[in-house]
Amino acid sequence: MRPNQDQSTARKSARLTGFGRLRSTLRLLYHSQSPKAQRFQMSVLVVDLAIIAFFIASPLLREYESFLWIDYSIALLLAADLTARALASTDMSRWVRQLPVIMDIFILVTLLAPTWFFNLGFLRILRLWTLTRSSTFWRPLHRRGLSIYRETIQAVINLLVFLFVVTGFVYTAFANRGTDSIAGYIDALYFTVATVTTTGFGDITLPGPGGKLSSIAIMIVGISLFVKLAQSIFRPNKVHFPCPQCGLQKHDPDAVHCKACGHILNIPDSGHY
């Protein structure tokens, strides 16, 4: 019995070692800066952007017979990516509690059960927001010395996510509910943009008290996002350089002293400002 027990222990150890090697490989692919890892990360990013394009176009594609096949194929891709990212993490229990991960899991559920979660399908576009929470998304920008535009790009993405989430909500909740209501997805997008920009043509309106309250919420949040975008475009660019004394993260590129505490700064000048 003893030799058999030793062999069983050896096999278990080999399996654990193989599992550990898999996690180590995935960690390198997802988080390292080697040429191989960069190619892998870029491939994952391209696939993610293609998936997001499908999510945006989903309301227009639901009537096609191939829609469910594409839907389930994307579910498999997202499940594989989530599994790989979980294995690449150093602490799975902490990783799975992060908000972007929770949202990705919810998006996966809507893909696996598209009929049951039809009315929540518009939330899939939040995948674009969760994608920007990953450092992989921003690495190409940083490698090209364009990190000063990160805040502006993030503001644009936040606005786009809001527009398409609201468009999906308006289309799902208010389509074909009155003479001046939403007749299709394009109408929903048109109404959302007109409301967010406070243009207010009035040719398309949302019926009932719920429609009016929804319009008010869309205008308030939309204006806030527009102001945030305008600030990131027109105000002077800041550099990310933590103050050694007070920890303030952003300063003017030519700052000599910290505006918060007056501590002398030594901001590296890479020639991009």
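Residues numbered from 1 in each chain as written. Predicted model: local features only at pLDDT ≥ 70, side-chain atom pairs only at ≥ 80, totals over all residues. Heavy atoms only, no water.

## Digging into the side chain of glutamine 154
Definition in use: Runs of H or I in DSSP of at least four residues are treated as helices and runs of E of at least two as strands, each being numbered from the N terminus. Pairs of residues are marked as contacts when any of their non-hydrogen atoms sit within 4.5 Å.
Mapped onto the elements, glutamine 154 comes out in helix H8 (residues 150-174). Excluding residues that lie within four positions of it along the chain, glutamine 154 makes contacts with Thr132, Arg133 and Trp138.

## Section: helix H9 (residues 185-196)
Filter applied, for reference: In a helix, the anticipated span is given by 1.5 Å times the number of residues less one. Each residue is placed in one exposure class: buried if its accessible area under a 1.4 Å probe, protein chains only, is under 20% of its type's maximum, exposed if it is over 50%, and partly exposed if it falls in between.
Given a rise of 1.5 Å per residue, 12 residues ought to cover 16 Å, and the 16 Å separating the end C-alpha atoms of H9 matches this to within 8%. Those residues of H9 that sit buried are Tyr185, Ala188, Phe191, Thr192, Ala194, Thr195 and Val196. Remark: threonine 198 follows H9 within two positions and exhibits a positive phi of approximately 55 degrees.

## With respect to the packing of H8 against H9
Helix-helix packing is characterised by the crossing angle of the two axes and by the distance between the axes. Note the threshold: Axis lines are fitted through C-alpha atoms, for helices just across the contact stretch, and the angle between N-to-C directions can take any value from 0 to 180 degrees. Our angle categories are set so that under 35 degrees counts as roughly parallel, over 145 as roughly antiparallel, 65 to 115 as roughly perpendicular, and the remainder as oblique. By definition, turning the near helix anticlockwise from the far helix through less than a right angle yields a left-handed crossing, and turning it clockwise yields a right-handed one. Each residue gets one label: Ala, Val, Leu, Ile, Met, Phe, Trp, Tyr, Cys and Pro are nonpolar, Asp, Glu, Lys and Arg are charged, and the others, such as Gly, are polar.
In the contact formed by H8 and H9, the axes pass within 8 Å of each other and the chain directions differ by 125 degrees. It follows from the interaxial angle that H8 and H9 lie oblique. Here H8 runs over H9; the crossing is right-handed. Within the contact between the two elements, H8 uses Phe162, Leu163, Phe164, Val166, Thr167, Val170 and Tyr171 and H9 uses Tyr185, Ala188, Leu189, Phe191, Thr192 and Val196. For the contact of H8 with H9, a count of residues per class yields 11 nonpolar, 2 polar and no charged.

## Digging into the pattern of salt bridges
Note the threshold: One side-chain nitrogen of Lys or Arg within 4 Å of one carboxyl oxygen of Asp or Glu is enough to make a salt bridge.
Across all of its chains, the model carries 5 salt bridges by this definition. Among the ionic pairs, arginine 127 bridges to aspartate 48, the shortest N-O distance being 2.6 Å. Remark: aspartate 48 occurs in helix H2 (residues 35-61) and arginine 127 occurs in helix H6 (residues 126-131); sequence separation between them is 79 residues. Each of the two residues, arginine 127 as well as aspartate 48, counts as buried. A salt bridge links aspartate 104 to arginine 127; the shortest N-O distance between them is 2.7 Å.

Any functional reading would require information beyond the geometric quantities listed.
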